[in-house]
Amino acid sequence: MNYGQRGVDLLRELKRSDWLPSYNEDSVRATIQEINLHTAELHDIVRANNRVGNDTATGGGGAPVPIEMRPVMLLHEVSIKRNKRCLLAYHAHRIDKLRALRWETAGNLATPMKFVLSEAEVDFFHEYDKLASRHAIGGSMGGLDWNADQNPPEENFIQVRVVQAGLGKIETE
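Quick caveat, the model's predicted, so the values are computed rather than measured.

The subject of this paragraph is the overall build of the protein. The helix and strand tally for the protein stands at 5 helices and 0 strands. Moving toward the C terminus, one meets the helices and strands of the protein in the order α-α-α-α-α. Per-residue burial over the protein gives 25% buried out of 173 residues. A separation of at least 24 residues holds for 69% of the contacts in the protein among residues at least 6 apart in sequence. Looking at the protein as shown, the accessible area adds up to about 12800 Å², and 54% of this sits on carbon and sulfur atoms.

Spelled out as structure tokens, the structure:
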């Protein structure tokens, strides 16, 4: 068994793609299933150890884990943690790309992109767009275009123009 390999395969798939590959639900499910198998193995080892501990005259509190079982337990635990980190990195990368896409497209999700995303990611994109739009429209700076000039200026000195009158005295230094 290749411990933690399925999660790494998800990340390699992301790295090989230009933008985002199609959401790989089968690999995500397989990774979660691998996590569940490792968890079940750990529980079996602990239960077997507790049964041995209860059979002795130690009062039934469970014996310490035998030294020969500790590497096996550590291997399962590390595999669980690695797969969890890989799943979190996979989903975080996809969410970061969706956030950036929202600002690049001003909230318009093209139809070809919908085929690449999962249903939950499409829902996230629309909810994030609603939240960003509500923030941009409301408040004291609702008249600004939040999608314009997203890159900082290259010059050290820029000319600032007041867009909204009645803001009072503005100090820049």
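Turning our attention to the nonpolar core. Core analysis: the largest hydrophobic core is formed by 18 residues, its most contacted members being Leu109 and Leu117. When contributions to this core are tallied by element, the ones reaching two or more residues are helix 1 (5-16), helix 2 (25-55), helix 3 (70-105) and helix 5 (119-137). It is helix 3 that contributes the most residues to this core, 6 residues altogether. With sequence-adjacent residues up to four places away left out, Leu109 is seen in contact with Leu101, Lys114, Leu117, Val122 and Phe125.

This paragraph deals with helix 3. Taking 1.5 Å per residue, 36 residues should reach 52 Å; helix 3 reaches 52 Å between its end C-alpha atoms and fits that length. All of the buried residues in helix 3 are Met73, His76, Ser79, Ile80, Asn83, Cys86, Leu87, Tyr90, Arg94, Leu98, Leu101 and Arg102.

Quick notes on the rules
- Residues numbered from 1 in each chain as written.
- Predicted model: local features only at pLDDT ≥ 70, side-chain atom pairs only at ≥ 80, totals over all residues.
- Heavy atoms only, no water.
- Helix = DSSP H or I, 4+ residues; strand = E, 2+ residues; numbered from the N terminus.
- Buried < 20%, exposed > 50% of the residue type's maximum accessible area, 1.4 Å probe, protein only.
- Contact = heavy atoms within 4.5 Å.
- Areas by Shrake-Rupley, 256 points an atom, 1.4 Å probe, with all protein chains shown as cover.
- Core = buried A, V, L, I, M, F, W, Y, C linked by side-chain atoms within 4.5 Å.
- Expected span 1.5 Å × (residues − 1).

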